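Listed here are the chains, written in short residue letters.
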Amino acid sequence: DEFNTLRIQSTKYENKSIVLKEGETIFFPLNMISGNTLDIEATWKTGGDCAIWVLSDGSTTSDNKVRIGVNFNNVPSDDDFYIDGGGSTGVLQAPIAGWDGKSEVTLRILIDHSLINVFYNGGITVGSWRYYPSYTNFRVGVSMWDHGNGGNCILDSFVAYNV
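Residues numbered from 1 in each chain as written. Predicted model: local features only at pLDDT ≥ 70, side-chain atom pairs only at ≥ 80, totals over all residues. Heavy atoms only, no water.

*Asks:* For the state of the cysteines, give the residues involved together with the corresponding values.
*Replies:* Evaluation of the coordinates by the stated rule reveals 1 disulfide. Linked covalently through their sulfurs, cysteine 50 and cysteine 153 form a disulfide whose S-S length is 2.0 Å. Between cysteine 50 and cysteine 153, the disulfide has an S-S torsion of -90° and is therefore left-handed. Placement of the pair is cysteine 50 in strand β4 (residues 49-56) and cysteine 153 in strand β12 (residues 152-162), with a sequence separation of 103 residues. Grouping residues by exposure puts cysteine 50 and cysteine 153 together as buried. (Disulfide = S-S within 2.5 Å. Helix = DSSP H or I, 4+ residues; strand = E, 2+ residues; numbered from the N terminus. Buried < 20%, exposed > 50% of the residue type's maximum accessible area, 1.4 Å probe, protein only.)

*Asks:* Account for the side chain of arginine 7, naming residues and giving values.
*Replies:* The residue arginine 7 is located in the loop between α1 (2-6) and β1 (13-21) in this model. Within the local environment of arginine 7, its side chain forms a polar contact with the side chain of glutamate 41, the two groups lying 3.0 Å apart. Contact partners of arginine 7, with chain neighbours within four places excluded, come to Asp39, Glu41, Arg108, Tyr161, Asn162 and Val163. (Polar contact = N/O pair within 3.5 Å; in protein donor to acceptor, adjacent residues only side chain to side chain. Contact = heavy atoms within 4.5 Å.)

*Asks:* Kindly report on the packing of aromatic side chains, identifying the contributing residues and their values.
*Replies:* Aromatic ring pairs are defined here through the distance separating the ring centres and the angle between the ring planes. Taken as a whole and assessed by the stated rule, the structure comprises 7 aromatic pairs. The interplanar angle of 50° and the centroid separation of 5.1 Å between the aromatic rings of tyrosine 13 and phenylalanine 28 together place this pair among those described as tilted. Of this pair, tyrosine 13 sits in strand β1 while phenylalanine 28 sits in the loop between β2 (25-27) and β3 (37-46), and the two are 15 residues apart along the sequence. Take tyrosine 13 and phenylalanine 28: they sit in the same class, and that class is buried. Each ring, one from tyrosine 135 and one from phenylalanine 138, has its centre 5.7 Å from the other, and the planes form 50°; the classification is tilted. Cluster of aromatic residues (ring-pair linked, three or more members): Tyr13, Phe28 and Phe158. Positioned above the aromatic ring of tryptophan 53, the side-chain terminus of lysine 65 is 4.6 Å from the ring centre. (Phe/Tyr/Trp six-rings, centres within 6.5 Å; stacked < 30°, edge-to-face > 60°. Lys NZ or Arg CZ within 6 Å of the ring centre and 35° of its normal.)

*Asks:* So, the environment of isoleucine 52: which residues are in play, and what are the values?
*Replies:* Note on placement: isoleucine 52 falls in strand β4. In this structure, the C-alpha to C-alpha distance between isoleucine 52 and threonine 106, residues 54 residues apart in sequence, is 12 Å. Each residue touching isoleucine 52, except ones within four places of it in the same chain, is listed here: Ala42, Trp44, Val66, Arg67, Ile68, Ile109, Gly141, Val142 and Phe158.

*Asks:* Got a sec to walk through the sheet that holds β3? Specific residues and values, please.
*Replies:* What the 6 strands build is an open sheet, ordered β1-β12-β3-β8-β9-β10; its pairing is antiparallel. Edge positions in the sheet fall to β1 and β10 (125-130), since each of these pairs with one other strand and no more. Adjacent strand axes in the sheet meet at a mean angle of 20° when their direction is disregarded. By the bridge criterion, 6 bridges tie strand β8 (residues 105-112) to strand β9 (residues 115-120) in an arrangement that is antiparallel. Each bridged residue has a counterpart across the sheet, and for leucine 110 the counterpart in β9 is asparagine 117. (Pairing = 2+ DSSP bridges. Axes fitted to C-alpha atoms, helices over the stretch in contact; angles between N-to-C directions.)

Honestly, that's just the spatial picture; any functional story needs more than this.
Written out as C-alpha cells, the structure is:
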C-alpha cells in the first residue's frame, strides 16, 4: 500500500476504546500526535454526535479547528457525516451511502496542510475540505456534542501517523 510508505512509523499513535460522554472533549498528547500532515484511521463503534478534531488550537471554546463527525441517528439521514471548518467557514453534510445510522463507521482521514480528505466506510462516501488556519500549534482530539440526548460515543480504534 503506497500510503504505508508515506507514514512515519516512529510517529504512530494508537488509542483503543475511548468512551466519551455528552459534551466531553479529549485532546491527545501534543508530543504523541499533532501537526498538519496526518494519516488517521478510526472506527466509531456507536454513539450520538461523535467527532474527531484536527488542525485544532487545543481550545474547546474557540472555532479554531476542523470537526469531522458522524451522527448516529439510528436511521439514515442527510447529515450522517459532517466536516465543520469552524466559525463562519460553513459545514459539509451528507449521508453515508448504505449506512443504517447505527452500525460502526470507519474513517480514513488524510491531512496535507490545508487539505482534508475523509473516506467513510472504506471510501463508499468521501468528503473533502480546505481549511486555512492562522495558528501553528495543531492538536488532535475527539468529542461528543451535547444535544441533551444522553448516551456515549465509543471510539473503538484510533491510529494516527505523521506523513
